[in-house]
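Structural features, examined
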Amino acid sequence: MSSLIRVRPTKIELIRLKRRRELARKVYRILRERLTILVNEFMTRIRRAYRIRREINRDILDVYNEAAYLLGLYGSSIYDYYDSSTVEGSKLVIGFENIMGVKSYTAMMKKGRFIDTYPELNEFREHSITLISRIIELGRIEQSIKTLGVEINKTKRRVNALEYIFIPRLTATIKYLQMKFEEREREEKARLKRVKSMLEKHRG
Amino acid sequence: MGLRDTYFEDLVTRVLTRELRIINRHLPYKRVSLCDLEKMDIPYIILRDGTTHLIDPRELEYLSNLLGGEKCKLLLPIIIEARESLGEGTYIVRDRVAKRVIAEILELEYEEEKPLIIYRPHLYKIREILSTTTTIIFSPT
């Protein structure tokens, strides 16, 4: 789609349009580069989210079985013991991550401090913390996938608008103005020729 | 040419100029060394737009193991430059220590004096490993 921009047919306007086209091309190239990188980030994160989700689905059953085993072995008091052997609980830190200008929520887990207890309980604690940190990572990645998706859409619209509307319209207008100036020049030449021949006839 | 058209054209030019201006908003206000980041309880850097960017401690650990004694010389995030004049899909790393990191990850050879040139598949690999400790700068020249 390209229609002409309504401009005054002057040389200064032609220069202005050429400058604007150069700027538009520059922005287009940069945005296209950014779009390519963003799409790749998006795809990488999708693959990573899929992998982590599979790992979580695999590990969650193991942790559940371990918890059931501990409950069967030591009774419900094991959870009180679990609590009392925790010196400092694990913390979740929530903040922002900036992926090429795309602001996305991120979270990371800071592991707490614990006293060593029964080997089974230590193992269970280790596995459950790993599982929780994986779930947090999955949440972080899925959040970034959402924000990246929105940004990719926006950037794509801009790139397409520049590629299919703005730059062709500017090019068409520049071409129109150039043709108009050439036409004017030809008219001028023809006029001069006619004046010259009239003057010669007049002298003769 | 109507007043409305002029206004629209100026607006488009302004939007394009703004786009160029804000494209590098995600760059850090000040780069921080790897040692300083490791000392922080929650490693973060402040960006030009005023927001904070959390850094994954696992990446810091990875870089620390990779660099050994030279780790305090590495400034983070590692800046990868996308320069228009080099053509599409070509990127530059200028920082000396960062060059070493990138070259070791990608198993490339590099010269100390010259900037390291990498290509798009390399960039994807780097971003996969160091997603919070690298950033890309878009240079329109």
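Residues numbered from 1 in each chain as written. Chains lettered and ligands numbered in written order. Predicted model: local features only at pLDDT ≥ 70, side-chain atom pairs only at ≥ 80, totals over all residues. Heavy atoms only, no water.

As for the pattern of salt bridges
How we decide: Put simply, a salt bridge is a Lys or Arg side-chain nitrogen that is within 4 Å of an Asp or Glu carboxyl oxygen. By the criteria applied, helices consist of DSSP H or I runs no shorter than four residues and strands consist of E runs no shorter than two, each listed in order from the N terminus. The classification of residues rests on relative accessible area computed with a 1.4 Å probe and restricted to protein chains. Under 20% of the type maximum is buried, over 50% is exposed, and intermediate values are partly exposed.
Going through the model one piece at a time under the given rule, you end up with 30 salt bridges over all chains. In this structure, Arg16 of chain A engages Glu13 of chain A in a salt bridge whose closest nitrogen and oxygen atoms are separated by 3.7 Å. Placement of the pair is Arg16 of chain A and Glu13 of chain A together in helix 1 (residues 11-74), with a separation of 3 residues, close to one helical turn. A residue is classified by how much of its surface remains accessible, and Glu13 of chain A, at 4% relative accessible area, is buried. Via salt bridges that share partners, Glu41, Arg45, Glu97, Glu137 and Arg140 of chain A together with Asp56, Arg58 and Arg127 of chain B belong to a single interconnected network.

A few points about the nonpolar core
Which entries qualify depends on this criterion: Think of a nonpolar core as a cluster: buried Ala, Val, Leu, Ile, Met, Phe, Trp, Tyr and Cys residues, connected wherever their side-chain atoms sit within 4.5 Å.
Counting 74 residues, the largest nonpolar core has Leu162 of chain A together with Leu74 of chain B as the members making the most contacts within it. With 18 residues, helix 1 of chain A is the single largest residue contributor to this core.

As for the layout of surface pockets
Going by this rule: The rule is simple: put a 1 Å grid over the protein atoms alone, call a set of points where a 1.4 Å probe fits but cannot get out a cavity, call an open set with protein on both sides within 12 Å along at least five of seven lines a pocket, and count a residue as lining if it has an atom within 4 Å of a point. Grid points are joined across faces, edges and corners, and a volume is the space filled by probe spheres set on the points. Residues are grouped as follows: Ala, Val, Leu, Ile, Met, Phe, Trp, Tyr, Cys and Pro are nonpolar; Asp, Glu, Lys and Arg are charged; all remaining types, including Gly, are polar.
Estimates place the volume of the largest pocket at around 460 Å³. What lines the largest pocket is a set of 21 residues, and nearest its centre among them are Met108, Met109 and Ser133 of chain A together with Asp56 and Arg58 of chain B. Counting residues per element, the lining of the largest pocket draws most heavily on helix 3 (residues 119-203) of chain A, which supplies 8 residues. When the residues that make up the lining of the largest pocket are grouped by side-chain class, the tally is 8 nonpolar, 4 polar and 9 charged.

Describing the pairing of strand 2 (residues 91-99) of chain A
All names here are of chain A. The condition that has to hold: Paired strands are those between which DSSP finds at least two bridges.
Sheet topology note: the strand 2/strand 3 (residues 102-110) ladder contains 9 bridges and is antiparallel. Residue pairing in the sheet places Ile94 in a bridge with Ala107 of strand 3. The hairpin formed by strand 2 and strand 3 contains 2 residues between the paired strands, and Met100 there has a positive phi angle of roughly 50 degrees.

Remarks on the packing of aromatic side chains
Spelled out, the test is: The rule is short: rings of Phe, Tyr and Trp, with Trp giving its six-membered ring, pair when the centres are within 6.5 Å, and they are stacked under 30 degrees, edge-to-face over 60, tilted in between. Charge-over-ring placement is defined geometrically: NZ (Lys) or CZ (Arg) within 6 Å of the ring centre, and within 35 degrees of the ring normal.
This structure, assessed with the given rule, holds 1 aromatic pair over all chains. Above the plane of the ring of Phe96 of chain A lies Lys103 of chain A, whose end atom (NZ or CZ) is 4.8 Å from the centre.

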